[in-house]
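Structural overview
Given next are the chains, with one letter for each unit.
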Amino acid sequence: MKINQNISLVGSLVSLVPYKKIHVPKYNQFMQSAELQKLTASEPLTLQDEYEMQESWAEDEDKCTFIVLDSAKHKESQDEVASMIGDTNLYIIEKDLKEKTAEAAVMIADPNYRSKGFGWEAMLLMLNYGIDALGIKKYIVKISTSNSVSIRFFTKMRFTEESKSEVFQEVTMVRPVDLDWKQWLQNEIKDYRIVPS
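Summary of the structure given here. (Residues numbered from 1 in each chain as written. Predicted model: local features only at pLDDT ≥ 70, side-chain atom pairs only at ≥ 80, totals over all residues. Heavy atoms only, no water.)

1. With respect to the overall build of the chain
What counts, and what does not: The helix and strand labels rest on DSSP assignments: H or I over at least four residues marks a helix, E over at least two residues marks a strand, and numbering proceeds from the N terminus. For every residue, the accessible area (1.4 Å probe, protein chains only) is compared with the maximum for its type, and the residue is labelled buried under 20%, exposed over 50%, or partly exposed between those bounds. Pairs of residues are marked as contacts when any of their non-hydrogen atoms sit within 4.5 Å.
A count of helical and extended segments in the chain gives eight helices and nine strands. The principal-axis extents of the C-alpha atoms in the chain amount to approximately 40 × 40 × 30 Å. Every one of the 197 residues in the chain was classed for burial, and the buried ones make up 45%. For the chain, restricting intrachain contacts to residue pairs at least 6 apart in sequence, the fraction spanning at least 24 positions comes to 65%.

Encoded structure:
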């Protein structure tokens, strides 16, 4: 998405930076993991396919993608690739301004960073950015029914189950954007800055 190509979202634990060509080889390496493929319901891509995907995401007005960095590691090294731990995305699935809806996703690819608050903060920053910059009015997430960690994660984020598909082994959870939830999001975010990337 062009709107986020030149900005980064900086929190206390993570920084979200635009997905660029320099990130592709490590991202592709992440996605060779059978565990991540299962958790994200995705197929492995060749490196060339991943480069093409990165380019299409940068141009697509319906997809907002950021790479998640360990902020402390990035501050010390100034190396985005070495600091990469995952990604977060918003896919706009309803464009009507009154009902603008996005499917949200976060992935912490590096197992050393899981269950330590990095994914939580990355998702909070992304959801907040979606409301402020993209005018999102409702979020949905689709999670494998076997992924109990993600189901608990989004329940804690105040999403509720809307439907369950036995065929796709998937649960759909939703969260309308209202004043109460926006306030909750802002209270949860300890630090949030938008900086040039």
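After presenting the structure, the write-up continues.
2. Details of the environment of Arg152
For Arg152, the location among the structural elements is in helix H7 (residues 148–156). As for Arg152 and Glu35, which are separated by 117 residues in sequence, their C-alpha atoms are 18 Å apart.

3. Some remarks on the packing of aromatic side chains
Our working rule: For Phe, Tyr and Trp, where Trp contributes only its six-membered ring, two rings pair if their centres lie within 6.5 Å, and the inter-plane angle classes them as stacked under 30 degrees, edge-to-face over 60, or tilted in between. We call a charge positioned over a ring when the NZ of a Lys or the CZ of an Arg lies within 6 Å of the ring centre and within 35 degrees of the ring normal.
All chains considered together, the criterion is met by nine aromatic pairs. Measuring from centroid to centroid gives 6.1 Å for Trp120 and Trp184, while their planes differ by 90°, and the two rings are edge-to-face. Here Trp184 lies in helix H8 (residues 179–188) and Trp120 lies in helix H6 (residues 118–134), a separation of 64 residues in the sequence. Relative accessible area serves as the criterion here: at 16%, Trp120 is assigned to the buried category. Between Phe154 and Phe159, the aromatic rings sit 5.2 Å apart at their centres with planes inclined by 75°, giving edge-to-face as the arrangement. By the burial criterion, Phe154 is buried, and Phe159 matches it. Taken together through their ring pairs, the aromatic side chains of Trp120, Tyr139, Phe153, Phe154, Phe159, Trp181 and Trp184 make up a single cluster. In this arrangement the basic side chain of Lys156 is found over the ring face of Trp120, its NZ or CZ atom lying 5.0 Å from the centre.

4. Digging into the nonpolar core
Under the convention used in this document: Each nonpolar core is a collection of buried residues, namely Ala, Val, Leu, Ile, Met, Phe, Trp, Tyr and Cys, held together in the definition by side-chain atoms within 4.5 Å.
With 41 residues, the main nonpolar core has Leu16, Leu127, Tyr139, Met157, Phe159 and Trp181 as its most contacted residues. Of all the elements, H6 adds the most residues to this core, at 11 residues. Other than its neighbours up to four places away in sequence, Leu127 contacts Ala104, Tyr139, Met157, Phe159, Trp181 and Leu185. Among the nonpolar cores identified, the runner-up in size contains 13 residues, and Val17, Val24, Tyr27 and Leu69 belong to it.

5. Quick notes on H8
To keep things clear, this is the line we draw: The arc under discussion is defined with respect to the helix axis, by the directions toward the C-beta atoms.
Buried residues of H8: Trp181, Trp184 and Leu185, and no others. The arc that holds the buried residues of H8, viewed along the axis, is 100°, so those residues lie on one side. The exposed set on the far side of H8, more than 90 degrees from its buried face, consists of Leu179 and Asn187. Each element contacted by the buried residues of H8 is listed here: H6, strand S6 (138–144), H7 and strand S8 (170–176).

6. Description of the environment of Ser77
For the record, the criterion: We call two N or O atoms a polar contact when they sit within 3.5 Å, provided that within protein one can donate a hydrogen and the other can accept it, with sequence-adjacent residues counted only if both atoms are side-chain atoms.
Relative to the assigned elements, Ser77 resides in helix H4 (residues 71–77). Residue classification places Ser77 among the partly exposed residues on the basis of a relative accessible area of 37%. C-alpha of Ser77 to C-alpha of Thr101: the two residues are 24 residues apart in sequence and 37 Å apart in space. Of the polar contacts made by the side chain of Ser77, one reaches the backbone nitrogen of Asp79; its length is 3.1 Å.

7. Notes on the packing of H6 against H8
Defined as follows: Every axis corresponds to a line fitted to the C-alpha atoms, with the helix fit spanning only the stretch in contact, and the corresponding angles, defined between N-to-C directions, vary from 0 to 180 degrees. Should an angle lie under 35 degrees it is considered roughly parallel, over 145 roughly antiparallel, and from 65 to 115 roughly perpendicular; all remaining angles are considered oblique. In this scheme the crossing of two helices becomes right-handed for a clockwise turn of the near helix relative to the far one and left-handed for an anticlockwise turn of less than a right angle. The residue classification treats Ala, Val, Leu, Ile, Met, Phe, Trp, Tyr, Cys and Pro as nonpolar and Asp, Glu, Lys and Arg as charged. All others, Gly included, are polar.
For the pair H6 and H8, interaxial distance at closest approach is 10 Å and the crossing angle is 135°. If you check the angle between H6 and H8, you find them oblique. Seen from above, H6 lies across H8 with left-handed handedness. Residues Trp120, Leu124, Leu127, Asn128 and Ile131 of H6 form the contact with H8, whose own contacting residues are Trp181, Lys182, Trp184, Leu185, Gln186 and Glu188. Looking at the contact of H6 with H8 residue by residue, the class counts come to seven nonpolar, two polar and two charged.

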